[in-house]
Amino acid sequence: MSLVRIITSRLRTALRPLLISSRNMSSDPPEAILEEVGDKGVITLSRPKSLNALNCNMIRIIYPKLKEWETTKTMVIIKGAGEKAFCAGGDVRNVVETVNDENPVGEYFFREEYQLNCLIGTLHIPYIALIDGITMGGGVGVSVHGQYRVATERTLFAMPETAIGLFPDVGGSYFLPRLGGRLGMYLALTGHRLKGLDVKKAGVATHVCDSARIAELEESLLKLESTYPEDIAAVLNQFDQEATFSKNEPFSLQPVLSKIQSCFSGGSIEEIISNLEKDGSEWAQKHANILKKMSPTSLKVTFEQIERGAHLTLQECLSMEYRIVSRVYKGHDFKEGIRAQLIDRDGNPRWDPSDLSDISQEKVEEYFSPMPSKEDLIF
């Protein structure tokens, strides 16, 4: 064997592990898949093992393409991979675990996430979210601000942030107060879960579809020659009307809507808890106890956020939320909530302050106060 062949053979042997490693790395599926189907775009959130939880990499893949599609496509569909979740939230554990790093994720994750939420809410072309499966937190942010949201019998909606020391962000201060009555305040403070048809009855979804037909619905939308609102509505309405699950069942919260209205109309979180205790019913006592387990700071900030958001635009709400989150994510309760719920999973957070009476209105106002001009999020 010639010297050249010997060297070449040895190089191949030495480089083979690197080449295999390179191929394996390149074969890793993208966390967000973007497809162009004629004049339409399809976004697939593709982290099924993590319930499609939204991370910064996904946001950075989606945002510029959605910006481009706004002028080059006639419609966008967003969906989640797998059968369990559309998107179970933002990757908040990563935010907590890097809070003391030189370049903490929280310094850019929320800003970029809220910018994506705003783009979706102001998009000039139809945006259809197929919220089949778990849809919470960040998953709500990339769906609810779009023009159409299609739920299935597998949809599980919640904004559970007060249980982890956060608050219902991603535009929660905009859409929750607009659900009607005090339903949004109730959902924001308690983290109550809505399932299936209830997601539509509450006003979060615009349509429903059997999960077994969700792929058929997507295909029908992609085959549309015209994407005028009436054409899209015709397809969505057809699948909605043909949905077979619980079509005749009333809204599960219907029996307690009057209690939600009266108890959650208090002028403060303390008054809401007092209203529940005075009501005395089993439902009211249960919810008073639920609130007492939440982060007191989160409850006070969330109450203020929802009250203010009712009178603000989506852009103003997101700017307000960015001020809040920039302070909250560095605080004790957020780290403690993530520890108790997602890391140690002991379900026993130790809040600080531990009592509502220890949190003054002046302290609450600090979360909403303006930031230095270069740090504020302005749209």
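Throughout what follows, the structure given in this document is the object of discussion. Given the structure is predicted, the values throughout are model-derived calculations rather than measurements.

Calculation criteria
- Residues numbered from 1 in each chain as written.
- Predicted model: local features only at pLDDT ≥ 70, side-chain atom pairs only at ≥ 80, totals over all residues.
- Heavy atoms only, no water.
- Helix = DSSP H or I, 4+ residues; strand = E, 2+ residues; numbered from the N terminus.
- Rg over C-alpha atoms; globule rule 2.2 N^0.38 Å.
- Buried < 20%, exposed > 50% of the residue type's maximum accessible area, 1.4 Å probe, protein only.
- Contact = heavy atoms within 4.5 Å.
- Areas by Shrake-Rupley, 256 points an atom, 1.4 Å probe, with all protein chains shown as cover.
- Lys, Arg positive; Asp, Glu negative; His and termini not counted.
- Charge placed at Lys NZ, Arg CZ, Asp CG, Glu CD.
- Core = buried A, V, L, I, M, F, W, Y, C linked by side-chain atoms within 4.5 Å.
- Salt bridge = Lys/Arg side-chain N within 4 Å of Asp/Glu carboxyl O.
- Pairing = 2+ DSSP bridges.
- Axes fitted to C-alpha atoms, helices over the stretch in contact; angles between N-to-C directions.
- Parallel < 35°, antiparallel > 145°, perpendicular 65-115°, else oblique.
- Nonpolar A, V, L, I, M, F, W, Y, C, P; charged D, E, K, R; others polar.

Considerations on the overall build of the protein
In step 1: Helix and strand counts for the protein stand at 17 helices and 10 strands.
In step 2: Scaling as 2.2 N^0.38, a compact globule of 379 residues should have a C-alpha radius of gyration of about 21 Å, and the protein matches this with 23 Å.
In step 3: Relative to its full complement of 379 residues, the protein shows a buried share of 51%.
In step 4: Of the contacts formed within the protein by residues at least 6 apart in sequence, a portion of 73% connects residues at least 24 apart.
In step 5: Accessible area for the protein stands at about 17,700 Å²; split by element, carbon and sulfur atoms hold 50% of it.
In step 6: Where the 43 positive side-chain charges of the protein centre and where its 51 negative ones centre are 6 Å apart.

Remarks on the nonpolar core
In step 1: Membership of the largest hydrophobic core comes to 95 residues, with the highest contact counts inside it found for Leu45, Phe264 and Phe334.
In step 2: When residues no more than four places from it in sequence are discounted, the contact partners of Phe264 are Arg182, Met185, Tyr186, Leu189, Thr190, Lys259, Ile272, Leu276, Trp283 and Leu291.
In step 3: By size, the runner-up hydrophobic cluster in this structure holds 17 residues, among which are Ile128, Leu222, Val235 and Phe239.

Comments concerning the pattern of salt bridges
In step 1: Scanning the model with the defined rule gives 26 salt bridges in all.
In step 2: Linking Lys223 and Glu219 is a salt bridge whose minimum nitrogen-to-oxygen distance equals 3.0 Å.
In step 3: Residue Lys223 is classed as exposed on the basis of its relative accessible area, which comes to 59%.
In step 4: Ionic pairing is found between Lys300 and Glu270, a salt bridge with its closest N-O pair at 2.9 Å.

Topic: the sheet that holds strand S10 (residues 207–208)
In step 1: Ordered in space as S1-S2-S3-S5-S7-S10, the 6 strands form an open sheet in which the pairing is mixed. If you trace the sheet from one side to the other, it starts and ends with strand S1 (32–37) and S10, each paired once.
In step 2: Packed onto the sheet, helix H9 (residues 214–222) meets S1, strand S2 (40–45), strand S3 (75–80), strand S5 (127–131) and strand S7 (148–151) and runs at close to 165° relative to S3.

A word on the pairing of S5
In step 1: Here S5 lies mainly inside the structure; 5 of its 5 residues are buried.
In step 2: Along S5, one buried face is formed by Tyr127, Ala129 and Ile131 and the opposite face, lined by Ile128 and Leu130, is buried too.
In step 3: Two elements, S3 and S5, share 3 bridges in a ladder whose sense is parallel. Bridging from a neighbouring strand, Ile77 pairs with Ile128 of S5.
In step 4: For S5 and S7, the ladder comprises 4 bridges, and the chain directions are parallel. When the bridges of S7 are listed, Ile128 appears paired with Tyr148.

Some words on the packing of helix H15 (residues 314–328) against helix H17 (residues 361–368)
In step 1: At a minimum axis separation of 7 Å, H15 and H17 run at an interaxial angle of 110°. As the angle between them shows, H15 and H17 are arranged roughly perpendicular. For the pair formed by H15 and H17, the contact residues are Met320, Arg323, Ile324, Arg327 and Val328 on the first element and Glu366, Tyr367 and Phe368 on the second.
In step 2: Residue composition of the contact of H15 with H17, grouped by class: 5 nonpolar, no polar and 3 charged.

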